[in-house]
Amino acid sequence: MPQTIVLVEDDDSIRAMLEYYLKSMGYEVRAFDSGEHFFADQTEPASLYILDIMLPGMDGLEILRRLRDGTETERVPILMLTARNAELDKVAGLESGADDYMVKPFGIMELGARVKALLRRTAPREDKLALEGLELDVGAREVRENGQTVELTYKEFELLRLLLSRRGTVLTRDEILQTVWGYDFTGETRTVDMHIKTLRQKLSGDYIQTVRGVGYKIP
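Keep in mind the model is a prediction, meaning the values are calculated, not measured.

Rules behind the numbers
- Residues numbered from 1 in each chain as written.
- Predicted model: local features only at pLDDT ≥ 70, side-chain atom pairs only at ≥ 80, totals over all residues.
- Heavy atoms only, no water.
- Helix = DSSP H or I, 4+ residues; strand = E, 2+ residues; numbered from the N terminus.
- Contact = heavy atoms within 4.5 Å.
- Areas by Shrake-Rupley, 256 points an atom, 1.4 Å probe, with all protein chains shown as cover.
- Lys, Arg positive; Asp, Glu negative; His and termini not counted.
- Charge placed at Lys NZ, Arg CZ, Asp CG, Glu CD.
- Pairing = 2+ DSSP bridges.
- Expected span 1.5 Å × (residues − 1).
- Buried < 20%, exposed > 50% of the residue type's maximum accessible area, 1.4 Å probe, protein only.
- Arc of directions from axis to C-beta.
- Core = buried A, V, L, I, M, F, W, Y, C linked by side-chain atoms within 4.5 Å.
- Phe/Tyr/Trp six-rings, centres within 6.5 Å; stacked < 30°, edge-to-face > 60°.

Q: Go over the overall build of the chain, please, and point to the residues and values.
A: When helices and strands are tallied, the chain shows 8 helices and 12 strands. For the chain, the spread of C-alpha atoms along the principal axes amounts to about 60 × 35 × 25 Å. By sequence separation, contacts in the chain at least 24 residues apart represent 55% of the contacts at least 6 residues apart. For the chain, the computed accessible surface area is about 12,000 Å², with 47% contributed by carbon and sulfur atoms. Side-chain charges of the chain comprise 29 positive and 38 negative groups, with the mean position of each set lying 5 Å from the other.

Here is the structure:
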């Protein structure tokens, strides 16, 4: 299932831009123009919250405090947005439990990178991942398909592990390179395509989908 992001922002243009951009990254987005509307419509906890501090009525800091007081939301990552640049506002947000902070105007790509970093940092570590007849055991570093062992190289294993752990999310080639090969890897993104090809050849099931012009995902 795609990860869900809740966005509370009263500026219509900023809210629409962020909602569109985050959806293009593969996330499910629930957007609200006020804290009151958010809490009135709140269903299950999100994977991450993006809160503007300067909101009409209930401000972002109050939303933050309420989320941190909730048993289901106390550990969910929260990114604060504000037009203010005073250090006291930043301190107030961080001391109230915010995980990150961005001052408007901000770069949309930087915000996307911070969202990814927060979600990676707080993602639960799973020892075993499974999909239909496919099983990946992280501790034993074994992959089985329909009960049969599949021999994978180290990078093929890490690539499959990444795709399974982020199931439902489209991963770009650059993101895959950074996660599997590391930030210092100097190879071209064609490396990802070649490893996807060999991984598909070793697996009988059609698990990995190509998202043209973007990257890959396991739905």
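Q: Any details on the sheet that holds strand 11 (residues 209–211)? Residues and values, ideally.
A: Taken together, 3 strands build an open sheet; the order of strands is 10-12-11 and the sheet is antiparallel. Of all the strands in the sheet, just strand 10 (171–172) and strand 11 have a single pairing partner and so form its edges. Here strand 11 pairs with strand 12 (residues 215–217) via 3 bridges, running antiparallel. Residue pairing across strands places Thr-210 opposite Tyr-216, the latter belonging to strand 12.

Q: Lay out helix 1 (residues 12–24) in plain terms, naming residues and giving numbers.
A: Here helix 1 is 13 residues long and its end C-alpha atoms lie 18 Å apart, about the 18 Å a rise of 1.5 Å per residue gives. Listed in full, the buried residues belonging to helix 1 are Ile-14, Arg-15, Leu-18 and Leu-22. In a view along the axis of helix 1, the buried residues occupy a sector of 95°, so they form one face of it. Relative to its buried face, helix 1 has exposed residues pointing more than 90 degrees away, namely Asp-12, Ser-13 and Tyr-20. Just past helix 1, the residue Gly-26 takes up positive phi, approximately 100°.

Q: Hey, could you go over the nonpolar core for me, with residue numbers and the actual values?
A: By size, the foremost hydrophobic cluster in this structure holds 27 residues, and its most contacted members are Leu-136, Val-143, Leu-160, Leu-163, Leu-164, Ile-176 and Ile-208. Elements with a minimum of two residues in this core: strand 6 (128–131), strand 7 (134–137), helix 6 (154–165), helix 7 (173–181) and helix 8 (190–202). The biggest single contributor to this core is helix 6, with 6 residues. With 19 residues, the next largest nonpolar core counts Ile-53, Leu-61, Leu-67 and Tyr-101 among its residues.

Q: Account for the side chain of Thr-169, naming residues and giving values.
A: Among the structural elements, Thr-169 can be located in the loop between helix 6 and strand 10. Not counting residues within four places of it along the chain, the set of residues in contact with Thr-169 comprises Gln-3, Met-25, Tyr-216 and Lys-217.

Q: Run through the packing of aromatic side chains, naming residues and quoting values.
A: Aromatic rings considered in pairs are described by the distance between their centres and by the relative angle of their planes. Tallying each qualifying case throughout the model produces 3 aromatic pairs. Ring centres of Phe-38 and Phe-39 lie 4.7 Å apart, and the angle between their planes is 50°; this geometry places the pair in the tilted category. According to the relative accessible area criterion, Phe-38 is buried, its value standing at 0%. Connected via pairs of aromatic rings, a cluster forms that spans Phe-32, Phe-38, Phe-39 and Tyr-49.

Q: Lay out helix 8 with the relevant residues and their values.
A: End to end, helix 8 covers 19 Å across 13 residues, agreeing with the expected 18 Å (1.5 Å per residue, within 8%). Among all positions in helix 8, only Thr-191, Val-192, Asp-193, Ile-196 and Leu-199 are buried.

Q: Before we move on, can you summarise the environment of Leu-7 with the specific residues and values?
A: Mapped onto the fold, Leu-7 is located in strand 1 (residues 4–8). Remark: the alpha-carbon pair of Leu-7 and Met-58, spanning 51 residues in sequence, is separated by 14 Å. Dropping the residues within four chain positions of it, Leu-7 is found in contact with Arg-15, Leu-18, Glu-19, Arg-30, Ala-31, Phe-32 and Ile-50.

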